[in-house]
Amino acid sequence: LPWCCSDNPLLQQDKTPLALPWLGVCSLMQYWARRLEQEIDGVMRIFGGVQQLRKIYDDNKNLFEVKENVPRKLVEKVAGDIESLLAKKVRALKRLANAAEKFQKAHHWQDNIREEDIEYYDSKADTEYDDPDGEEIEREKSNSLKLEFTDDDNFKTKVNYSYAAVQIPTDIYKGSTVILNELNWTQALEDVFIENRKEDPSLLWQVFGSATGVTRYYPATPWRAPNKIDLYDVRRRPWYIQGASSPKDMVIIVDVSGSVSGLTLKLMKTSVYEMLDTLSDDDYVNVASFNEKAKPVSCFKHLVQANIRNKKVFKEDVQGMVAKGTTDYKAGFEYAFDQLQNSNITRANCNKMIMMFTDGGEDRVQDVFEKYNWPNKTVRVFTFSVGQHNYDVTPLQWMACANKGYYFEIPSIGAIRINTQEYLDVLGRPMVLAGNRAKQVQWTNVYQDALGLGLVVTGTLPVFNLTEDSSDRKNQLILGVMGIDVALNDIKRLTPRYNLGANGYVFAIDLNGYVLLHPNLQPQIINFREPVTLDFLDAELEDENKEEVSRPGQGQLLGHSLSPSSAVAKGTQPFQPALTDLTFSIPTNDKPCPPNPREYCKDLDLSDNNTEFLENFIALMEKVTPDSKQCDNFLLHNLILDTGITQQLVEQVWKDQDLNTYSLLAVFAATDGGITRVFPNKAADDWEEEPEPFNASFYRRSLDNKGYIFKPPYRDAGYRGLDLENNTIGILVSTAVELSIGDKTLKPAVVGVKLDLEAWAEKFKVLASNRTDRDQLGARQLYDTALLPQDLICVLIDDGGFLVLSNQEDHWYQVGKFFSEVDANLMSALYNNSFYARKESYDFQSVCAPEAPSNTGAAPRGVFVPTVADLLSLAWWTSAAAWSLFQQFLYSLTYSSWFQTEEVVGDGMEARETSCIMKQTQYYFSTVNATYNAIIDCGNCSRLFHAQRLANTNLLFVVADKPLCSQCDSVKLLQAEVRAPPRDPNQCELVDRPRYRKGPHICFDYNATVRGEQGAAELGLALGAVGVLWWGGAEPWGSPMGCSLGGNWGSGFPLAREWSHGGIPGEQS
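These notes cover the structure that comes with them. In this text the structure is predicted, and so the values were computed from the model without any measurement. Within each chain, residue numbers correspond to sequence positions counted from 1 in written order. Only residues with pLDDT of 70 or above have their local features reported here, since the model is predicted, and side-chain atom pairs are shown and tallied only from 80 upward, although totals for entire chains, interfaces and linings are computed over all residues. Computation of side-chain values covers all heavy atoms of the structure but excludes hydrogens and water.

**Let's talk about the overall build of the protein chain**
Note the threshold: Each helix corresponds to a stretch of at least 4 residues labelled H or I by DSSP, and each strand to a stretch of at least 2 residues labelled E; elements are numbered beginning at the N terminus. A 1.4 Å probe rolled over the protein chains alone gives each residue an accessible area, and that area as a share of the maximum for its type sets the label: buried under 20%, exposed over 50%, partly exposed in between. Residues are treated as being in contact if the distance between any of their heavy atoms lies within 4.5 Å. All accessible areas in this document rest on Shrake-Rupley with a 1.4 Å probe, and a residue is counted as covered only by the protein chains that are shown.
For the protein chain, the count of helices and strands is 29 helices and 39 strands. When each of the 1069 residues of the protein chain is scored for burial, the buried share is 57%. For the protein chain, the proportion of contacts with a sequence separation of at least 24, taken over those separated by at least 6, is 75%. Entry remark: accessible area of the protein chain is about 45,900 Å², with carbon and sulfur atoms responsible for 48%.

**Concerning the pattern of salt bridges**
What counts, and what does not: Within this document, salt bridges are pairs made up of a side-chain nitrogen of Lys or Arg and a carboxyl oxygen of Asp or Glu, the two lying within 4 Å of each other.
Applying the stated criterion across every chain yields a total of 33 salt bridges. Where Glu-199 meets Arg-95, a salt bridge forms, and the shortest distance between an N and an O atom there is 3.1 Å. With a gap of 104 residues between them, Glu-199 in helix H6 (residues 189-199) and Arg-95 in helix H4 (residues 71-106) connect regions that are remote in the sequence. A relative accessible area of 54% places Glu-199 in the exposed class. By relative accessible area, which is 30% here, Arg-95 ends up partly exposed.

**Comments concerning the environment of Phe-464**
By the secondary structure assignment, Phe-464 is in strand E18 (residues 455-464). With relative accessibility at 1%, the residue Phe-464 sits in the buried group. In this structure, the C-alpha to C-alpha distance between Phe-464 and Gly-435, residues 29 residues apart in sequence, is 8.0 Å. The residues touching Phe-464, leaving out its near neighbours within four places in the chain, are Glu-101, Met-431, Val-432, Gly-435, Ala-438, Lys-439, Leu-477, Ile-478 and Leu-479.

**What about the environment of Pro-219?**
Among the structural elements, Pro-219 can be located in the loop between strand E8 (215-218) and helix H7 (238-244). Sequence separation between Pro-219 and Arg-197 is 22 residues, and the spatial gap between their C-alpha atoms is 9.5 Å. For Pro-219, the residues in contact, after removing those within four places along its chain, are Phe-155, Val-159, Asn-160, Tyr-161, Tyr-163 and Trp-205.

**Some points on the nonpolar core**
For clarity, the threshold we go by: For our purposes a nonpolar core is just a set of buried Ala, Val, Leu, Ile, Met, Phe, Trp, Tyr and Cys residues, chained together by side-chain atoms within 4.5 Å.
Ranked by internal contacts, the top residues of the largest apolar core, which has 79 residues, are Leu-830, Phe-945 and Phe-957. Tallying contributions element by element places helix H2 (residues 25-48) first for this core, with nine residues. In terms of nonpolar packing, the next biggest core, distinct from the first, is built from 42 residues, Ile-241, Leu-279, Ala-306 and Val-313 among them.

**Considering helix H14 (residues 423-434)**
In terms of burial, H14 is a largely internal element, twelve of the twelve residues being buried. In the stretch just after H14, Gly-435 is the one whose phi turns positive, near 65 degrees.

**Things to note about a negative patch on the surface**
The test is simple: The patch calculation keeps residues exceeding 30% relative accessible area without a salt bridge and links them within 9 Å when they carry like charges or within 5 Å when they are nonpolar (Val, Leu, Ile, Met, Phe, Trp, Tyr). In this count, Lys and Arg are taken as positive residues and Asp and Glu as negative ones, while His and the chain termini are left out. Think of each charge as sitting on NZ of Lys, CZ of Arg, CG of Asp or CD of Glu.
Together, Asp-603, Asp-605, Glu-612 and Glu-615 give the surface a local cluster of negative charge. Since its relative accessible area comes to 39%, Glu-612 is described here as partly exposed.

**Here we look at the packing of aromatic side chains**
Worth spelling out the cut-off: The rule is short: rings of Phe, Tyr and Trp, with Trp giving its six-membered ring, pair when the centres are within 6.5 Å, and they are stacked under 30 degrees, edge-to-face over 60, tilted in between.
One pass over the full model with this rule turns up 40 aromatic pairs. Centre to centre, the rings of Trp-239 and Tyr-240 are 6.4 Å apart; their planes meet at 75 degrees, and the pair counts as edge-to-face. Of the two residues examined, Trp-239 and Tyr-240, each falls in the buried class. Relative to Phe-408, the ring of Phe-384 lies with its centre 5.1 Å away and its plane at 15 degrees, an arrangement referred to as stacked. Highlighted residues: Phe-384 in strand E14 (residues 379-386) and Phe-408 in strand E15 (residues 406-410), separated in sequence by 24 residues. Considered together, Phe-384 and Phe-408 belong to a single accessibility category, that of buried residues. Among the aromatic residues, those joined into a ring-pair cluster are Phe-155, Tyr-161, Phe-193, Trp-205, Tyr-217, Tyr-218, Trp-223 and Tyr-232.

**A short note on the state of the cysteines**
Cut-off, in case you're wondering: Two cysteine sulfurs form what is called a disulfide whenever their separation falls within 2.5 Å.
Applying the stated rule across the entire model yields three disulfides. Disulfide pairing is shown between Cys-350 and Cys-1003; the S-S distance is 1.8 Å. Measuring handedness by torsion sign, the sulfur bridge of Cys-350 and Cys-1003 sits at about 95 degrees and is right-handed. With Cys-350 in the loop between helix H10 (329-341) and strand E13 (351-358) and Cys-1003 in the loop between helix H27 (987-990) and helix H28 (1025-1029), this pair connects stretches of sequence that are 653 residues apart. Residue classification places Cys-350 among the buried residues on the basis of a relative accessible area of 2%. With a relative accessible area of 31%, Cys-1003 lands in the partly exposed category. Put simply, Cys-601 and Cys-631 are joined by a disulfide, and their sulfur atoms are 2.0 Å apart. Looking along the S-S bond of the Cys-601-Cys-631 disulfide, the torsion reads about 105 degrees, which is the right-handed sense. Linking Cys-601 in the loop between strand E25 (583-585) and helix H18 (610-623) with Cys-631 in the loop between H18 and helix H19 (633-652), this pair joins segments that are 30 residues apart in sequence.

**Some points on unusual backbone geometry**
Between Tyr-218 and the following residue, Pro-219, the backbone shows a cis peptide bond with an omega angle of -5 degrees. The linkage connecting Phe-679 with the following residue, Pro-680, adopts the cis geometry, with an omega of 0 degrees. Its place among the elements puts Pro-680 in the loop between strand E27 (676-679) and helix H20 (697-704). Its identity is not glycine, yet Asn-349 carries a phi of approximately 55 degrees, on the positive side. One can find Asn-349 in the loop between H10 and E13. Overall, Asn-349 belongs to the partly exposed group, its relative accessible area being 47%. If you check the backbone angles, Ser-663 has positive phi at about 55 degrees while not being a glycine. For Ser-663, the position within the fold is in the loop between H19 and strand E26 (664-671).

**Concerning the side chain of Gln-814**
Here Gln-814 shows up in the loop between strand E32 (803-806) and helix H22 (824-832). A relative accessible area of 9% places Gln-814 in the buried class. Sequence-distant contacts of Gln-814, that is, excluding residues within four places in its chain, are made with Leu-803, Glu-821 and Val-822.

**Overview of the pairing of E27**
This is how the line gets drawn: DSSP calls a pair of strands paired once it identifies at least 2 bridges connecting them.
Of the two faces of E27, both are covered, the one formed by Thr-676 and Val-678 as well as the one formed by Arg-677 and Phe-679. The pairing of E26 with E27 spans four bridges and is classified as antiparallel. Across the sheet, the residue bridging to Phe-668 is Val-678, located in E27. The turn joining E26 and E27, which pair antiparallel and follow one another in sequence, is formed by four residues; a positive phi near 105 degrees is taken by Gly-674.

Written out as structure tokens, the structure reads:
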């Protein structure tokens, strides 16, 4: 334990040579500390100009007034402005959805339609892909329109406003009858897109995602595809999934009996991957494996939210499944029903379903369904027959049809993506039959736009098939989802920024507790497939108040954290800005400073050159008044006010001082109005701080803390230092200027000085010793001469644990480093003796390079998957490629090593940076505020040290013995951000304390008129020419054999069903 200086009997009793020099040391150290405090205070009083600037503000208080921030009014205004913005988008969205339903209903299906009959712009027609081996892939012939594009600032890319563009997934044959009919009727949407833009020029992407996989978006722009295989499918995008069905409670059960080993098991693992990707944050899921018994594949014992982090746990643990034992469907289904009946957990409470992946079996487990699901059949059962086998699939078909589900076959890798998303059409049927009640506009989480718009939210609205069959029965198919993007920056512009104080902000969260607006929402995600889901309680340090905030009553929640009042310049121009012998820095639009830099005037010519920008600014002020509509009056009046006030500070204080006398590199002031002044002018070349005060750490920290805030230049652990003779390093010391106006307290500015590191290091040697500037080392010793300064390490460490000053020259280049990098032994002692505390937090928005796989051998790359065009072409079957695939398939029956990279299915053929979790450790002063001595106990290598907080600063003064030997090296404390180890934070523990979630308030999971819901077994069978050629009747991409295909197929029917259909469009199979 640490010993207080005034009460340290152990030191007094210890007469060892180690302790003798430290007798009476407390008084000496306190004397040194007082000298340091007095020197710092003196310099700041003389050069900082706090008192003088306070007087200048007081003398000019007739030029500004104090306005109090009223939180409720601020929040209500922002909420109203955002609501108005979104209302415009909703009107356009509804207009598009209604038009789409009308166009499709009026469309006449064409059996003999040809690709050359359709005019459209294929967004991928000009996209070049590289073969994984580095060779350019021959471009597919296209009848696409040839368009010209122009740069557009709103879209940050080249666009054409006269046309819409079409994107068709790579694994869908764009010449099929279904796709061509889809292209035919959706072409009429272009006129509606254009009319919407005329009514609201601020509209961004308008998109129709079809259930067939076709995406038509406006305005036209070339598709931004990866370098290799483009696997974008609109039906797997979060906004489409959210709009196409109500929330889901899903249990996935996987047969891991001995018969599914090898290729079949790998197909199952990949199928689970893809199934998880069809779930959104409104859904809940669990995954279990079964043979004779069922058990969860992960640590999750119940349904958990299908967010990114939970799904990653599932995906990692699914890889650990091993095939053994025998199949017992009863064990699997009983486990699944028990999961869905657990009412003591948070869940979606809407659609309930069981997804079973198996290679086949004979048991129908009717007794389980009678016990758990009949007669109401509240749980749908979907069955998947995986792999190539000769088992009787009739029991699997019966299970699905007897429980309002669907049956699918997945014989090969190519069938996985399309068959793991087909179930969404079944879930969409109750929505279609509910009609207008189900047409609810939903807003997505924040995500990265696939076309480069940045962070967006999307409003979605389902589009229904309104056709009827010959018996006047309604169609039950969802045509797709209509979406309109809103850029997050457009929403941010509606929020106040500069009248809340530098540390004030507006935030907004959605029903799932995810952040829509927050200053800490700064994702680095490159892979746009993943939504940006930052929980409000992860964006900030969690406490009970924030737990309460994250429980909004209805709708989305806006909150605030702000300064109670702010100074606002009156509508006059008290000072004429002028160029003087100083640096005058105004943040401008082109500076990359998040959040958006201040926009003073629309017509202000920007420049990277500070002087040129000022000249442009003054020139504009000569043409317009500060009250002009071209300018933001609030920002501009405060800017002009602070310009004049800080100019007086220069004239009255700074210009008369000799900075070299006290080894100062610069003096500076930063104001609430956006001014940063640095004096003298030459110091601007070395000024590395943010030009926007609200983004500068010294400014924000000074406002939040009393006294003098020291900020050394940050150095990471790898920094090796510079030649100090040729490079001057500065340390910032700043403090806030506090005003009292009536009963209001303001902090309108921060002032400070920049210390010359080398000169102040020498000064520190003097102050932390028993001599003055005129004394030589060793003179005027107050205590035992055995205690010499050269035998001691004397350092100043800031409140974050970073080195500020040292008396050791070999420490100078390490100023700004975390002190554990300088002296790990001593920093550990300070932490262990409670001088510092630490807080660990996690950054969930980082990206990391992909980790090297464990199997780094030269395994063959993924199997070639033929396109639908290939399969339908007789010539393809005689090609070398077909024979090669045939051989590869035969080999796979014995050797399945070619199927090593399941990620190829989801992520393409290239390694990508992926989102990851970074662990941050922050150190800060504990409540200890006394003077302490302590021993770092290590036998003959023990060290004594003294530590004392310096009054009115953020510094800790530490004096310690130099290390006597290296045997006492401590474990180095880490401060730098590191990648969190697996399962850290412990996701398994977090889900047992689920955070508040409020899903959509309306659910569509049942409709009595849905055909086949009562168990009618209407099965589709794939017996086309392609199926006959492929292994005697098994369709290569998987047969969806379901109960009640339902209604008029029309042009909205998914592609897979066209292959299964042997009759005429419009009839049931």
